[in-house]
Amino acid sequence: MLKGIHHVAIICSDYQRSKAFYHQVLQLPILGEYYRAERQSYKLDLQLPDGSQLELFSFPNPPARPSRPEAQGLRHLAFRVDSVEQTVAYLAEHNIIAEPIRIDEYTGRAYTFFQDPDGLPLELYQEGA
């Protein structure tokens with residue numbers, strides 16, 4: 001029935017800052033960018049290598065979403081990477097600090113967390129053995 005995740009939608013507080021973060025720093029190609037005048041809202045479609053997408057939205061004065069303490073609902077967004085260590089080093093070059101790298105006790109794979117410009121929790125999860 002379900003085949004995979006098509007997209008994840010994120011509402012940001014500062015559209016240009018988040019666009020730069022996801023497109024330039026995280027290097028996600030832009031599929032389309034739209035301004036919806038009736039909503040005073042941008043919609044940016046970004047492509048991930050596996051074909052899934054991120055949708056980035058802006059709205060006038062969106063309320064902040066609490067992420068700490070952890071609340072019910074979507075917890076975080078995790079990205080597969082070849083090397084957590086190399087990706088953390090790349091992020092550090094862009095002044096993005098990740099938590100210490102940990103090892104998943106069940107899979108033995110490396111992972112860590114960092115945040116987008118609005119403090120949304122993002123995870124790096126190492127593929128392969």
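Bear in mind that the values here come from a model prediction, so they are computed numbers and not experimental data.

What counts and what doesn't
- Residues numbered from 1 in each chain as written.
- Predicted model: local features only at pLDDT ≥ 70, side-chain atom pairs only at ≥ 80, totals over all residues.
- Heavy atoms only, no water.
- Pairing = 2+ DSSP bridges.
- Helix = DSSP H or I, 4+ residues; strand = E, 2+ residues; numbered from the N terminus.
- Axes fitted to C-alpha atoms, helices over the stretch in contact; angles between N-to-C directions.
- Contact = heavy atoms within 4.5 Å.
- Phe/Tyr/Trp six-rings, centres within 6.5 Å; stacked < 30°, edge-to-face > 60°.
- Core = buried A, V, L, I, M, F, W, Y, C linked by side-chain atoms within 4.5 Å.
- Buried < 20%, exposed > 50% of the residue type's maximum accessible area, 1.4 Å probe, protein only.

**Topic: the sheet that holds strand E6 (residues 102-103)**
Inference 1: Strand order in the open sheet formed by four strands is E5-E8-E7-E6, and the pairing between neighbours is mixed. The open sheet has two edge strands, strand E5 (77-81) and E6, and neither has a second partner.
Inference 2: Here E6 runs beside strand E7 (residues 110-115); their pairing, made up of two bridges, is antiparallel. What sits directly across from isoleucine 103, in E7, is alanine 110.

**Considering the sheet that holds strand E1 (residues 7-12)**
Inference 1: Spatially, E1-E4-E3-E2 is the arrangement adopted by the four strands of the open sheet, whose pairing is mixed. Edge positions in the sheet fall to E1 and strand E2 (30-36), since each has one partner strand and no second. This sheet shows a mean twist of 15° between the axes of neighbouring strands, independent of strand direction.
Inference 2: Judged from the five bridges that link them, strand E3 (residues 41-47) and strand E4 (residues 53-58) form a sheet pairing that is antiparallel. Bridging across to E4, lysine 43 finds its partner in phenylalanine 57.

**A closer look at the side chain of lysine 19**
Inference 1: Relative to the helices and strands, lysine 19 is located in helix H1 (residues 15-25).
Inference 2: Ignoring sequence-local partners within four residues, the contact set of lysine 19 consists of Gln24, Ile30, Glu33, Leu44 and Leu56.

**Some thoughts on the packing of aromatic side chains**
Inference 1: All told, the structure shown has seven aromatic pairs when counted by the stated rule.
Inference 2: Among the aromatic residues, ring-to-ring pairing joins Tyr15, Tyr35 and Tyr42 into one connected group.

**Remarks on the nonpolar core**
Inference 1: In terms of nonpolar packing, the biggest core is built from 25 residues, with Tyr22, Leu54 and Phe114 touching the most fellow members.
Inference 2: Elements with a minimum of two residues in this core: E1, H1, E3, E4, E5, helix H2 (84-93), E7 and strand E8 (121-126).
Inference 3: Here the element with the most residues in this core is H1; it accounts for four residues.
Inference 4: With near-sequence residues (within four places) excluded, leucine 54 lies in contact with Val8, Ile10, Tyr22, Leu28, Leu44, Asp45, Leu46, Leu48, Leu77 and Phe79.

Remember that the coordinates give geometry; whether it matters functionally is a separate question.
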